[in-house]
Amino acid sequence: MGKCDTIELLRLEGRYLKFIVENHTELNLLEHVEKCEECQKEILRAVEKDEPLADYGNLFQKEVEDQIVPQSSDYRNPVNFINARIQWRKRRLKELMENAEMELKSLRARLADP
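Residues numbered from 1 in each chain as written. Predicted model: local features only at pLDDT ≥ 70, side-chain atom pairs only at ≥ 80, totals over all residues. Heavy atoms only, no water.

A. Region of interest: the side chain of Arg-85. By the element assignment, Arg-85 lies in helix H3 (residues 78-112). Buried Arg-85, no salt bridge; nearest opposite-charge side chain is Glu-63, N-O distance 6.1 Å. With residues up to four places along the chain from it excluded, the contact list for Arg-85 reads Asn-58, Leu-59, Phe-60, Gln-61, Lys-62, Val-64, Val-69, Pro-70 and Gln-71. (Helix = DSSP H or I, 4+ residues; strand = E, 2+ residues; numbered from the N terminus. Buried < 20%, exposed > 50% of the residue type's maximum accessible area, 1.4 Å probe, protein only. Lys, Arg positive; Asp, Glu negative; His and termini not counted. Salt bridge = Lys/Arg side-chain N within 4 Å of Asp/Glu carboxyl O. Contact = heavy atoms within 4.5 Å.)

B. Structural detail: the nonpolar core. The biggest cluster of nonpolar side chains holds 20 residues, and the ones touching the most others in it are Ile-43, Tyr-56, Phe-60 and Ile-82. Other than its neighbours up to four places away in sequence, Ile-43 contacts Val-33, Leu-53, Tyr-56, Phe-60 and Ile-82. By size, the runner-up hydrophobic cluster in this structure holds five residues, among which are Ile-20, Ala-100, Leu-104 and Leu-107. (Core = buried A, V, L, I, M, F, W, Y, C linked by side-chain atoms within 4.5 Å.)

C. Structural context of the packing of helix H1 (residues 5-35) against helix H2 (residues 37-49). Contact pair H1 / H2: the axes reach a minimum separation of 6 Å and the direction vectors enclose 95 degrees. Between H1 and H2, the angle is such that the two are roughly perpendicular. On the side of H1, the interface is formed by His-32, Val-33, Glu-34 and Lys-35, while H2 contributes Glu-37, Cys-39, Gln-40 and Ile-43. Looking at the contact of H1 with H2 residue by residue, the class counts come to three nonpolar, two polar and three charged. (Axes fitted to C-alpha atoms, helices over the stretch in contact; angles between N-to-C directions. Parallel < 35°, antiparallel > 145°, perpendicular 65-115°, else oblique. Nonpolar A, V, L, I, M, F, W, Y, C, P; charged D, E, K, R; others polar.)

D. Spotlight on unusual backbone geometry. Look at Asp-50: it is not a glycine, yet its phi comes out positive at around 55 degrees. Within the secondary structure layout, Asp-50 lies in the loop between H2 and H3.

Here it is as structure tokens:
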């Protein structure tokens, strides 16, 4: 017995929606950090001590192998490094969400066409 294509497409739709919501949540978090002095101080302390921050994954890790990510060695001021990482990640999240929303729109068109 074969699988129903509609069921598979609905499951895929759910995964896209979950992905979009998770990215939107992270974007909201980053926008909060931009305005919150308390959060900025916590991040700055961790960056200066080169300590991981579980709430942010490896976003503020000083050096990463991906060269498109701002590197701390390119910044004299750690605040500028933190801001560069936030801006980079926000741009990336927006790109990911735009692409996912386009895919979701296409997927929904396929679901509407029986």
